[in-house]
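So you can see what is in the structure, the chains are spelled out below.
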Amino acid sequence: MAPSVGFRRAGFAAVALASVFLLAACAASGSPAEHYAGLPVSEHQEEGGHEEPENEEGEPVAAWVGQGAQLAVTIWGSSSCPQVGRNITVVEPAGEGNTVAIDLVERPEDEVCTMDLAPYTTVFWTPVDVTTTEPLRVEVGDSAVTVPVK
């Protein structure tokens, strides 16, 4: 006995709805993929040849990771109260400025922190609205850095 047209339509609708939920769950969010103390490991860096760049001003640094699939943003600050990226948003998409903004985790004003300058890296998935084939402007707080073409 063949299934009725209504039953087939209901089955098709259920599969379509499940696909939408599955694709939405796989979509990259603006949340960090990972974060850690220190600098990102360069794809071109030799084993054991880690050299920390001089950054006396504590300006943020950003770089493509994994052939451009991810963006690593390193922020210098107190090692006991690191500046951690919370979210990445597209300010201007590719072709219109290729700019993203990084929101930072808010720290309590009365938090006691060491007075040192240490790097802390947050890695984000590259948003789909930006490209590695144009310089990327990354805004972090009052600072902005440009990541060169990958």
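As a reminder, the structure under discussion sits directly above these lines.
So, here is what we can say about the structure in this document.

1. Overview of the overall build of the protein
Here's step 1: Each helix and strand in the protein was counted, giving one helix and eight strands.
Here's step 2: In sequence order, the protein lays out its α and β elements as α-β-β-β-β-β-β-β-β.
Here's step 3: For the protein, contacts bridging at least 24 residues in sequence account for 69% of all contacts bridging at least 6.
Here's step 4: Put simply, the protein shows about 9900 Å² of open surface, and 56% of that area lies on carbon and sulfur atoms.

2. With respect to the sheet that holds strand 5 (residues 99-104)
Note on sheets: strands pair through backbone hydrogen bonds, and any given pair is parallel or antiparallel.
Here's step 1: Taken in spatial order, the four strands make up an open sheet running 4-5-7-8, and their pairing is mixed. The outermost strands of the open sheet, each flanked by one partner alone, are strand 4 (85-92) and strand 8 (143-147). Sheet twist, expressed as the average angle between the axes of neighbouring strands with direction ignored, equals 25°.
Here's step 2: One ladder, built from five bridges, connects strand 7 (residues 136-140) with strand 8; its direction is antiparallel.

3. Considerations on the nonpolar core
Here's step 1: Core analysis: the biggest nonpolar cluster contains 15 residues, and L71, V73, L136 and V138 have the highest contact counts within it.
Here's step 2: At the level of secondary structure, the elements contributing two or more residues to this core comprise strand 2 (61-65), strand 3 (70-77), strand 5, strand 7 and strand 8.
Here's step 3: L71 has contacts with A62, A63, W64, I88, V100, T122, V123, F124, T126, L136, V138 and V147, leaving out every residue within four places of it along the chain.

4. Quick word on the state of the cysteines
Here's step 1: Taken as a whole, this structure holds one disulfide when the rule is applied.
Here's step 2: Each sulfur of the disulfide joining C81 and C113 lies 2.0 Å from the other. With the S-S bond torsion at -100°, the cross-link from C81 to C113 turns out left-handed. Highlighted residues: C81 in the loop between strand 3 and strand 4 and C113 in the loop between strand 5 and strand 6 (118-125), separated in sequence by 32 residues.
Here's step 3: A residue is classified by how much of its surface remains accessible, and C81, at 5% relative accessible area, is buried.

5. Considering unusual backbone geometry
Here's step 1: Backbone geometry at Q67 places phi at a positive 60°, although glycine is not the residue there.
Here's step 2: Examined against the element boundaries, Q67 turns out to sit in the loop between strand 2 and strand 3.
Here's step 3: Despite not being glycine, N98 has its phi angle at roughly 50°, a positive value.

What counts and how
- Residues numbered from 1 in each chain as written.
- Predicted model: local features only at pLDDT ≥ 70, side-chain atom pairs only at ≥ 80, totals over all residues.
- Heavy atoms only, no water.
- Helix = DSSP H or I, 4+ residues; strand = E, 2+ residues; numbered from the N terminus.
- Contact = heavy atoms within 4.5 Å.
- Areas by Shrake-Rupley, 256 points an atom, 1.4 Å probe, with all protein chains shown as cover.
- Pairing = 2+ DSSP bridges.
- Axes fitted to C-alpha atoms, helices over the stretch in contact; angles between N-to-C directions.
- Core = buried A, V, L, I, M, F, W, Y, C linked by side-chain atoms within 4.5 Å.
- Buried < 20%, exposed > 50% of the residue type's maximum accessible area, 1.4 Å probe, protein only.
- Disulfide = S-S within 2.5 Å.

In short, the description is geometric, and any link to function would need to be established separately.
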